[in-house]
Amino acid sequence: MNMETITIEGIPTAVSRIGLGTWAIGGWMWGGADDASSVAAIRKAIERGINLIDTAPVYGFGHAEEIVGQALKGIRGQAVIATKAALAWPDGKVRRNATAGRIRAEIEDSLRRLRTDHIDLYQVHWPDPLVPHEETALALEKLKQEGKILAIGVSNYSSRQMEGFRRTGHLAAVQSPYNLFERAIEDDVLPYAARSGLVVLAYGALCRGLLSGRMDAHTTFTGDDLRKADPKFREPRFRQYLSAVRALDRYAQERHGRTVLALAVRWILDQGPTIALWGARRPEHLEDVDAALGWRLDEQDLQRIDELLAEHITDPIGPEFMAPPARQIAQPAASGVESSSRVAWP
Ligand code: NAP
C-alpha cells in the first residue's frame, strides 16, 4: 500500500501521514525499553513507508534520540526527523524551559545524539509561561538561518499562544494530543491550524495503546509505566474505554473489514491536515500500517463512531495528567503564594 503524504513547509521531502512516535523507546515512564527491539521497530517503520520519526530529548533523557540516531545510521536520507526542545531536568525534575540559552544548548545535544547535521522539524515541546514567545521564536529562527533546522513547530500550544509565537517566528506545524478519545483540539487548535496552513501532528494516536484493541480488563503495567497513573486505565473508566474499544472494533470489522486500530488511525487522517503519531517500540506493532491507508470514513461512519463513544464512555477524561510543570517563580517570602508549578510530575 502506498503511504499517504503531506507537505510541511520548509521540508523538501513529502512527509508520511503516519509518523513513528518514540517516547516509549526512551523507556522512561514506559516501564523500560528493549533497545534491539526499538531499533528494529524504527527500521521497520522506514520499510513500511513511514519516514517521519518523532522524538524528544526528554524521552529517556537522551536515550530515544540516541536510539533513533543508531537506527538511522546509513539511512538518514530516508527519514524526516522531528525532535523537540524546551524541557529541562537540572535536578532530575522535568520543567519547562523555552529560553534562548536552553534551546541553543539543546540543539547541539540533539544533533550529536541523532548523528545528523540538521533536524527537519524542531518543535517547542511545551509552552513556557515564563518566557516571552518572541525570545523562543527568535532563537528558533536563528537556528533555521544557520541551516540546523528546516522547519519550526510547537507542541501543546493553544491557538492564542500560536498567534503570539507567529508575531515573531514562522510556524509550519503544531503537535497536540488527538485521538478518538481525546478531542479537545477540535474546538481550537484544529480549525486554527487548517485556517493557517499548519500541519497537525496528532500525538497518542492509539491513546497510549488503548485503541490497539489488544488490551483487556486484566492488562497491567509495570515499573514506572505512566499508564499506572493514567485515569483512563483506572476504574471506573478503564471498563468504559475498553467497552468502547470493543464496540468500535465490531463496527470496524462489520462495516470495513478492519480492526479498531486501523479505524483509529484512519479517523485521525480524515480530520484535516493531520499526521497520526503512532507510538511503536516493537516491529510487530507496525504490522497493520497498511490497513489504515487507502480508504476513508464517510459521514455515516463519523456519526456512528460518535454515537458509540457517547454510549460507552460516560465519564470521559482528557490527557491533562501528562502536562509537565513550569519552573517556579521566586515569590517574596511574605507573600505566602504557592506556585501551581509545585505539582509533582511523575
Ligand atoms: P500511542 O501511540 O497512543 O500508543 C503507543 C503504545 O501503544 C505503544 O507503546 C504500545 O504499547 C501500544 N501499541 C502500538 N501499536 C500497537 C499494536 N500494533 N498492538 C498492540 N499495542 C500497540 O502513544 P504515545 O507513544 O504516547 O504517542 C505517540 C507519540 O506521540 C509518542 O511516542 C511521541 O512521539 C508523541 N507524543 C508527544 C507528546 C507531546 O507532548 N508533544 C506527548 C505524548 C506523545 P506497549 O509498548 O506498552 O505495548
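Our subject is the structure that appears above.
In what follows, the accompanying structure is described. None of the values given here were measured: they were computed from a predicted structure.

**A closer look at the site of the ligand**
Close contacts around the ligand come from 29 residues, with Asp54, Arg208, Arg227, Gly279 and Arg281 the closest. In this structure, His285 approaches the ligand through a main-chain N or O atom, which is 2.8 Å from a nitrogen atom. Coverage of the ligand by the protein chains reaches 93% of its 890 Å² of free accessible surface. When each cavity is represented as a set of grid points, the ligand is found to reside in the largest pocket. At three residues, the largest contribution of residues to the shell around the ligand is made by strand 12 (residues 274-279). Grouping the constituent residues of the shell around the ligand by class yields twelve nonpolar, eleven polar and six charged.

**Some details on helix 5 (residues 159-166)**
Considered for burial, the residues of helix 5 that qualify are Ser159, Met162, Gly164 and Phe165. In the core, the buried residues of helix 5 are packed alongside strand 8 (119-124), helix 4 (133-145), strand 9 (149-155), strand 10 (173-177) and helix 6 (189-196).

**Focus on the layout of surface pockets**
Space inside the largest pocket adds up to approximately 960 Å³. Taken together, 42 residues form the lining of the largest pocket, with Trp30, Arg208, Gly209, Arg227 and Gly279 sitting closest to its centre. Per-element accounting of the lining of the largest pocket gives the leading share, three residues, to strand 12. When the residues that make up the lining of the largest pocket are grouped by side-chain class, the tally is 19 nonpolar, 13 polar and ten charged. Of the voids in this model, the second largest pocket is the one considered here, and its volume is about 430 Å³. Surrounding the second largest pocket, 22 residues form its lining, Asn156, Pro177, Ala184, Ile185 and Glu320 being those nearest its centre. For the lining of the second largest pocket, the residue count by class is twelve nonpolar, five polar and five charged.

**Quick notes on the packing of helix 1 (residues 35-47) against helix 2 (residues 63-71)**
Put simply, helix 1 and helix 2 touch, their axes get as near as 9 Å, and they point 55° apart. Considering their axes alone, helix 1 and helix 2 lie oblique with respect to each other. Viewed along their axes, helix 1 and helix 2 form a crossing whose handedness is right-handed. Between helix 1 and helix 2, the contacting residues are Asp35, Ser38, Val39, Ile42 and Arg43 on the first element and His63, Ile67, Val68, Gln70 and Ala71 on the second.

**Some remarks on the pairing of strand 9**
Counting buried positions along strand 9 yields six of seven residues, so the element is predominantly enclosed. As paired elements, strand 8 and strand 9 share five bridges and run parallel to each other. Within the sheet, the bridge partner assigned to Leu121 lies in strand 9 and is Ala151. This β-α-β element, strand 8 to helix 4 to strand 9, shows right-handed connectivity. In this structure, strand 9 lies alongside strand 10, joined through three bridges in parallel fashion. Bridged to Gly153 within strand 10 is Ala173. One crossover worth recording links strand 9 to the parallel strand 10 by way of helix 5, and it is right-handed.

**Notes on the sheet that holds strand 3 (residues 18-21)**
With parallel pairing, eight strands are arranged side by side around a closed barrel as 3-4-5-8-9-10-11-12. Geometrically, the sheet is characterised by an average inter-axis angle of 30° between neighbouring strands, direction not taken into account. Direction of pairing for strand 5 (residues 80-85) relative to strand 8: parallel, over a ladder of four bridges. Residue pairing across strands places Ala85 opposite Val124, the latter belonging to strand 8. Seen against the sheet, helix 3 (residues 100-114) touches strand 5, strand 8 and strand 9 and runs at an angle of roughly 140° to strand 8. Strand contacts of helix 6: strand 10, strand 11 (199-203) and strand 12, with the helix running at about 165° to strand 10, the strand carrying the most contacts.

**What about the pattern of salt bridges?**
Side chains that differ in charge, positive against negative, can pair when their charged atoms come close. Within the structure shown, the criterion is met by 30 salt bridges. Put simply, Asp306 and Arg183 hold a salt bridge, and the shortest N to O gap is 2.8 Å. With Asp306 in helix 9 (residues 299-312) and Arg183 in the loop between strand 10 and helix 6, the pair connects residues that are 123 residues apart, well separated along the chain. Overall, the relative accessible area of 35% leaves Asp306 in the partly exposed class. Taking the shortest distance from any N to any O, the salt bridge between Glu284 and Arg282 comes out at 3.3 Å. Looking at Glu284, the relative accessible area reads 44%, which means it is partly exposed.

**Side note on the packing of aromatic side chains**
On inspection of all chains with the given rule, the structure shows nine aromatic pairs. Between Trp23 and Trp30 the ring centres are 5.5 Å apart and the planes differ by 75°, which places this aromatic pair in the edge-to-face class. Summarising the aromatic geometry, the rings of Phe233 and Phe238 are spaced 5.7 Å apart at their centres and angled 35° between planes, so their arrangement reads as tilted. Each member of the pair, Phe233 as well as Phe238, carries the same accessibility label: buried. Three or more aromatic residues link up through ring pairs in this structure, and these residues are Trp23, Trp30 and Tyr59.

The rules behind the values
Residues numbered from 1 in each chain as written. Predicted model: local features only at pLDDT ≥ 70, side-chain atom pairs only at ≥ 80, totals over all residues. Heavy atoms only, no water. Near = heavy atom within 4 Å. Polar contact = N/O pair within 3.5 Å; in protein donor to acceptor, adjacent residues only side chain to side chain. Areas by Shrake-Rupley, 256 points an atom, 1.4 Å probe, with all protein chains shown as cover. 1 Å grid on protein atoms, 1.4 Å probe; cavity = no way out; pocket = protein on both sides within 12 Å on 5 of 7 lines; lining within 4 Å. Sits in = over half its atoms within 2 Å of the grid points. Helix = DSSP H or I, 4+ residues; strand = E, 2+ residues; numbered from the N terminus. Nonpolar A, V, L, I, M, F, W, Y, C, P; charged D, E, K, R; others polar. Buried < 20%, exposed > 50% of the residue type's maximum accessible area, 1.4 Å probe, protein only. Contact = heavy atoms within 4.5 Å. Points joined across faces, edges and corners; volume = space filled by probe spheres on them. Axes fitted to C-alpha atoms, helices over the stretch in contact; angles between N-to-C directions. Parallel < 35°, antiparallel > 145°, perpendicular 65-115°, else oblique. Left-handed = near helix turned anticlockwise from the far one by under 90°. Pairing = 2+ DSSP bridges. Right-handed = clockwise from strand over helix to strand, strands pointing away. Salt bridge = Lys/Arg side-chain N within 4 Å of Asp/Glu carboxyl O. Phe/Tyr/Trp six-rings, centres within 6.5 Å; stacked < 30°, edge-to-face > 60°.

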